[in-house]
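# Breakdown of the fold
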Amino acid sequence: MHPMLTIAIRAARKAGNLIAKNYETPDAVEASQKGSNDFVTNVDKAAEALIIDVIRKSYPKHSIITEESGELLGEEADIQWVIDPLDGTTNFIKRLPHFAVSIAVRIKGRTEVAVVYDPMRNELFTTTRGQGAQLNGYRLRGTNARDLDGTILATGFPFKAKHHSTVFINTLGKLFVRCADFRRTGSAALDLAYVAAGRVDGYFEIGLKPWDFMGGELLVRESGGIVTDFVGGHNYIHSGNIVAGNPRVVKDILAEMRDELSEALKR
């Protein structure tokens with residue numbers, strides 16, 4: 001096993017245990033609003049501190065990019081740990097048991113190691129570049145759907161960017177005519193992990209942050225899928241506009257989106 005994957009798993013499990021424990025004692029959870037429809041809790045912050053501590057003990061010189069603390073530059077700027085300590089904070093606050101810890105390691109701009117951990121189901125999704133993706137040690141293969149017919153697609157509403165809501169709803173409508181059904185679960189990291197596991201056939205979302213999708217992106221790729229922006233390119237790293245699935249499903253999603261996209265969403 002890649003040594004950094006070992007540390008990422010250790011960090012994710014520690015954070016996950018803390019999150020699960022706090023889920024059982026909701027009175028101890030303190031939530032605050034950090035932006036429009038965007039919440040953070042004391043548990044997000046405590047889980048993040050735990051993860052940083054585990055990483056720093058083994059790799060004190062690496063850089064760390066986190067949702068809550070921002071960028072913590074280390075001497076080795078070429079190696080970045082990208083962390084979302086609790087992806088699905090709103091679910092956690094509402095006591096809807098669907099959220100995850102996401103950790104990705106990028107070396108010279110390429111994601112090499114990723115972990116997405118669902119502490120409520122004890123599901124550990126792991127991957128190392130070129131080594132395939134696993135769920136609790138078992139190999140994952142994404143769906144083999146040939147087109148959108150009969151597929152289940154996942155998405156997330158652009159609740160932080162409601163100016164895109166018309167484009168989003170129109171796109172949803174066009175895709176709904178073609179696919180069987182939609183899922184909207186509230187955790188981008190788990191949506192991508194579920195694409196990798198074949199639990200959903202494809203996924204798209206507007207305006208994600210790197211820590212939302214970095215872990216899940218490599219899981220999708222290593223299970224045989226692809227990840228693109230809304231015009232089939234690679235700018236999703238910067239725009240956060242993301243489509244994921246097997247190549248045929250992604251091609252069909254992009255074709256349905258094409259005529260609905262505003263200029264801003266083509267970048």
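Thresholds applied
Residues numbered from 1 in each chain as written. Predicted model: local features only at pLDDT ≥ 70, side-chain atom pairs only at ≥ 80, totals over all residues. Heavy atoms only, no water. Helix = DSSP H or I, 4+ residues; strand = E, 2+ residues; numbered from the N terminus. Rg over C-alpha atoms; globule rule 2.2 N^0.38 Å. Contact = heavy atoms within 4.5 Å. Areas by Shrake-Rupley, 256 points an atom, 1.4 Å probe, with all protein chains shown as cover. Lys, Arg positive; Asp, Glu negative; His and termini not counted. Charge placed at Lys NZ, Arg CZ, Asp CG, Glu CD. 1 Å grid on protein atoms, 1.4 Å probe; cavity = no way out; pocket = protein on both sides within 12 Å on 5 of 7 lines; lining within 4 Å. Points joined across faces, edges and corners; volume = space filled by probe spheres on them. Nonpolar A, V, L, I, M, F, W, Y, C, P; charged D, E, K, R; others polar. Phe/Tyr/Trp six-rings, centres within 6.5 Å; stacked < 30°, edge-to-face > 60°. Buried < 20%, exposed > 50% of the residue type's maximum accessible area, 1.4 Å probe, protein only. Pairing = 2+ DSSP bridges. Axes fitted to C-alpha atoms, helices over the stretch in contact; angles between N-to-C directions. Domains from an automatic or database assignment. Buried area = accessible area lost by both parts, 1.4 Å probe. Salt bridge = Lys/Arg side-chain N within 4 Å of Asp/Glu carboxyl O. Polar contact = N/O pair within 3.5 Å; in protein donor to acceptor, adjacent residues only side chain to side chain. Core = buried A, V, L, I, M, F, W, Y, C linked by side-chain atoms within 4.5 Å.

## Comments concerning the overall build of the chain
Assigned secondary structure in the chain consists of eight helices and 15 strands. The C-alpha radius of gyration of the chain comes to 18 Å, within 12% of the 18 Å expected for a compact globule of 267 residues. The principal-axis extent of the C-alpha atoms belonging to the chain is close to 50 × 40 × 35 Å. Once local pairs closer than 6 in sequence are excluded, the contacts in the chain between residues at least 24 apart make up 62%. Accessible surface for the chain amounts to roughly 11800 Å². Of this, 50% is attributable to carbon and sulfur atoms. Treating the 33 positive side-chain charges of the chain as one cloud and the 33 negative ones as another, the clouds have centres 3 Å apart.

## Remarks on empty space enclosed by the protein
Tallied over the full model, the rule gives one cavity of 30 Å³ or more. Estimated volume of the largest cavity: approximately 30 Å³. Taken together, Val-167, Phe-168, Thr-171, Phe-204, Ile-206, Phe-230, Met-257 and Leu-261 form the lining of the largest cavity. No other element matches helix 4 (residues 165–178), which puts three residues into the lining of the largest cavity. Residues of the lining of the largest cavity, tallied by class, amount to seven nonpolar, one polar and no charged.

## Section: the packing of aromatic side chains
All chains considered together, the criterion is met by eight aromatic pairs. Centre to centre, the rings of Phe-125 and Tyr-194 are 6.3 Å apart; their planes meet at 50°, and the pair counts as tilted. Here Phe-125 is found in strand 8 (residues 123–128), whereas its partner Tyr-194 is found in helix 5 (residues 188–197), with 69 residues between them in sequence. Accessibility expressed as a relative area gives 0% for Phe-125, which makes it buried. For Tyr-194, a relative accessible area of 12% puts it in the buried group. Each ring, one from Phe-157 and one from Phe-168, has its centre 4.9 Å from the other, and the planes form 55°; the classification is tilted.

## Brief notes about the sheet that holds strand 9 (residues 133–135)
Picture the strands of a sheet paired through backbone hydrogen bonds; they go either parallel or antiparallel. Strands sit in the order 4-3-5-6-7-8-9-10 across an open sheet of eight strands; the sheet is mixed. A single partner strand is all that each edge strand has here, and the edge strands are strand 4 (70–72) and strand 10 (138–139). The strands that helix 6 (residues 210–222) touches are strand 3 (62–66), strand 5 (76–87), strand 6 (100–107), strand 7 (110–118), strand 8, strand 9 and strand 10; relative to strand 7, the one it contacts most, it runs at about 100°.

## What about the domain arrangement of the chain?
Annotation of the chain at the domain level lists domain 1 (1–137) and domain 2 (150–256). Summarising the inter-unit geometry, the C-alpha centres of domain 1 and domain 2 are found 21 Å apart. Listed per partner, the contact involves 37 residues of domain 1 and 25 residues of domain 2. Summing the contributions of domain 1 and of domain 2, the shared interface buries around 2300 Å²; its carbon and sulfur component is 61%. Here domain 1 and domain 2 share one salt bridge between them. In this structure, the connection of domain 1 to domain 2 is made through nine residue pairs in polar contact (both at pLDDT 80 or more). Elements with a contribution of two residues or more to the side of domain 1 that touches domain 2: strand 3, strand 5, strand 6, strand 7, strand 8 and strand 9. Tallying contributions element by element places strand 7 first for the side of domain 1 that touches domain 2, with six residues. For the side of domain 1 that touches domain 2, the residue count by class is 13 nonpolar, 14 polar and 10 charged.

## Things to note about the nonpolar core
Grouped together as the largest cluster of nonpolar side chains are 31 residues, with contacts concentrated most on Ile-19, Ile-51, Trp-81, Phe-92, Val-101, Ile-103 and Val-115. Looking at this core, the elements with two or more residues in it are helix 1 (3–23), helix 2 (42–58), strand 5, strand 6 and strand 7. Of the residues forming this core, the biggest block, 10 residues, is contributed by helix 1. If you look at the next biggest cluster of nonpolar residues, it comprises 30 residues, including Ala-100, Phe-125, Ala-188 and Ala-196.

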